[in-house]
Amino acid sequence: MSWIREETPPDENTWSERFRKFCANVLKTGPIPKHVAFIMDGNRRFARKKGMDRAEGHLMGFEKLAETLKWCRDLGINEVTVYAFSIENFKRSKEEVESLMEIARQKFARLLQEKEAIMKHGVCIRVLGNLTLLPLDIQRSIAEAMVMSKDNDKAFLNVCFAYTSRHEISNAVEEMAEGVEKGLIRPSDVSESLLDHCLYTSHSPDPHLLVRTSGEVRLSDFLLWQSSFSVLSFMEVLWPEFSFWHLCAAVLHYQRNHQAIMRARDQHNQEREQALRQADYDGVVAELQQVDPDKTDQSKWASVPTLVQKQETERDRRVQEFLQHLDRKRANFLDNLVQKNEIKVCS
Amino acid sequence: MILHQVLLYLVHTFLAIRTWLASLYHGLKKPLAFKHRKRNVHRIKSDSKELSKLPIHVGLVVVEDDFRYGELASLVVWCAAMGISYISLYDSQGILKRNNTSLWQEIMKQQQELLGEDSNKYSIELVKGNRTATQLTGQKYSVEVRLLSSEDGRTDLLHAAQRWCQDVEAKRKKVGDLEPTGLEGLLQATKGAPDVDLVLKFGTVDSLLGFLPWQIRLTEILSLPTHHSIDYQTFLLALQSFGNIEQRFGK
């Protein structure tokens, strides 16, 4: 029932375990998606199929998550993002929402008990979403897990909980607006890179591969911005029945699309850079036009490249300060929750 | 290590051959399909009535490098004949946008050929970004076609974000006033059009390559190997698949 599954020692390996390791090594000679996102769909349908109740289906889903994390480690996938609970899921019956919250309560509490394994494997845990929508005790467990593992850097697990992509994007825009209100940044500083750093996923690269199980072929408000250039892999299998072989199939699928995606991504980034440089240049020229429309001061006009450079440097400085402010704000939110927890424990 | 590399190479070669054989098989199954491109508009309308669900806004996302305007025009006209009111054609680099005249000529030509005497009932218009209201003089069916590229996706969202920040700076708006729908109101690329319900993706790259990130929240994504020699039957099958999909909306 644990989050982190340990390796079995080599001499205790079964033939199937050895075969899995062999296949993993074969796959690893090709490109491996460093960050994979999962929409773990199909728990309820699995429960219906097996005649279990829904809560059991969700528990099986959790087991599958823990197994999948281990398989990802074996394949060299060091960052995993999962869609565990959508803001839309609050629309489900009160009974089901409460049972899901209870499962979450137990699982996040369990996560804290596995501190040793988490620190040993260097796993950094992040929970992404509008945490204020959750019961306070769950918020506190989540905060503790995040604060405890924040400096780990060998593997990254991002759990999207009380999350929707549109909320995430709007939230990022509001953070930027607040930055403008406080005078930390200007509206003209808004760029793809800045938005990337304001999203909940600010510390992660965009996912290279997105896998959705149970046969549905939509994104359902998950990582809409971040998956623009991801390889999409839609599989019929229900999440609790997901296997190592399905993961391998998804990785093979990624490998087949790898070059085309890299090309498209690189092109997009190049265009983005060019557009930014052009906008900077146009901005400086527009300003100079206003001050000196007849181009009488030649030296000023000759110094346009230097002015552009200066503007870029200033912008970078502003953006850095703003992002540090944002990081501190988010860290403070978590620290406050943890402190309240500690006070509660002591009293 | 060499063994592992060779094995992976063999697996990929096998997969590539399998894909090639599959497309060959599909190609042989319908040898004269392309010639049967001219469908009767009444037949299309009755096919449309039999669908359990018709999309309102279809995205035709082309992730192939070779564009065939004739076939793309057919897809647009079939959609219009089916009663789909919003059609967005997309390629990440904006090649369709740059060649909009050639594409448009094909669409006009096929509108005449396919829709025949009903052609005048349809107003298929090319809509660019900021839509201006047009006069619909006696046309029964109005269809909006948009040609989009990646700048209508992430870049459009960024411009919306900038506008919001400018409004906050000028104190026209307050931080905290932006609800999810607020940002939507600031987008230009699909202003006036509903979210995309269905994407038909043409090509073997399994990614949307930057297509309208905001508007594809609940979009069904169906992949077709290519738009080259696309036939009506394949298009209809895709719409029938869409019709059979059930959405639970989080519940």
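- Check the Catalytic activity (unreviewed entry) section of the UniProt entry for chain B; it says "n isopentenyl diphosphate + (2E,6E)-farnesyl diphosphate = a di-trans,poly-cis-polyprenyl diphosphate + n diphosphate".
- According to the UniProt record, the Cofactor (unreviewed entry) comment for chain B reads "Mg(2+)".

- Chain A carries the name Alkyl transferase in an unreviewed UniProt entry, which gives Branchiostoma lanceolatum as its organism.
- The heading Subcellular location (unreviewed entry) in the UniProt record of chain A holds the text "Endoplasmic reticulum membrane".
- Looking at chain A in UniProt, the text filed under Pathway (unreviewed entry) is "Protein modification; protein glycosylation."

Focus: the environment of A:Trp301
Residue and element names in this part refer to chain A.
At step 1: Tracing the backbone through its elements, the reader meets Trp301 in helix 10 (residues 298-302).
At step 2: With a relative accessible area of 13%, Trp301 lands in the buried category.
At step 3: Along the sequence, Trp301 and Gln289 sit 12 residues apart, while their C-alpha atoms lie 9.5 Å from each other.
At step 4: Separated by 3.2 Å, the side chains of Trp301 and Asp292 make a polar contact.

Topic: the interface of chain A and chain B
At step 1: On the chain B side, the residues contacting the 57 residues of chain A number 55 residues.
At step 2: Overall, the association of chain A and chain B removes approximately 4,900 Å² of surface from exposure, summing both partners, and the carbon and sulfur fraction of that is 60%.
At step 3: At the junction of chain A and chain B, the tally comes to 6 salt bridges.
At step 4: Residue A:Asp221 is joined to B:Arg217 by a salt bridge in which the shortest nitrogen-to-oxygen separation is 3.9 Å.
At step 5: Counting every contact that joins chain A to chain B gives 25 residue pairs in polar contact (both at pLDDT 80 or more).
At step 6: Looking at the side of chain A that touches chain B element by element, the count peaks at 12 residues for helix 9 (residues 244-291) of chain A.
At step 7: Residues belonging to the side of chain A that touches chain B are distributed by class as follows: 23 nonpolar, 16 polar and 18 charged.

Criteria and cut-off values
- Going along each chain's sequence as written, the residues are numbered from 1 onward.
- Here chains are named by letter from A upward and ligands by number from 1 upward, in the order in which they appear as written.
- Local features are withheld for residues below a pLDDT of 70 in this predicted model, meaning they are given only at 70 or higher, and side-chain atom pairs are given and counted only at 80 or more; totals for whole chains, interfaces and linings count all residues.
- As a rule here, side-chain values cover all heavy atoms of the structure and leave hydrogens and water aside.
- UniProt positions are given in the numbering used here, feature names are shortened, and annotations may be inferred rather than shown by experiment.
- Numbering of helices and strands starts at the N terminus; helices are DSSP runs of H or I of at least 4 residues and strands are runs of E of at least 2.
- Burial classification: accessible surface area is computed with a 1.4 Å probe over protein chains only, and a residue below 20% of its type maximum counts as buried, one above 50% as exposed, and the rest as partly exposed.
- Think of a polar contact as two N or O atoms within 3.5 Å of one another; within protein, one of them needs to be a possible hydrogen donor and the other a possible acceptor, and neighboring residues in sequence only count if both atoms come from side chains.
- Only heavy atoms matter for contacts: two residues are in contact if any of them lie within 4.5 Å across the pair.
- Two parts placed together each lose some accessible area under a 1.4 Å probe, and adding up what both lose gives the buried area.
- Throughout this description, the term salt bridge denotes a Lys or Arg side-chain nitrogen within 4 Å of a carboxyl oxygen of Asp or Glu.
- Only Asp, Glu, Lys and Arg are considered charged, only Ala, Val, Leu, Ile, Met, Phe, Trp, Tyr, Cys and Pro nonpolar, and every remaining residue, Gly among them, polar.

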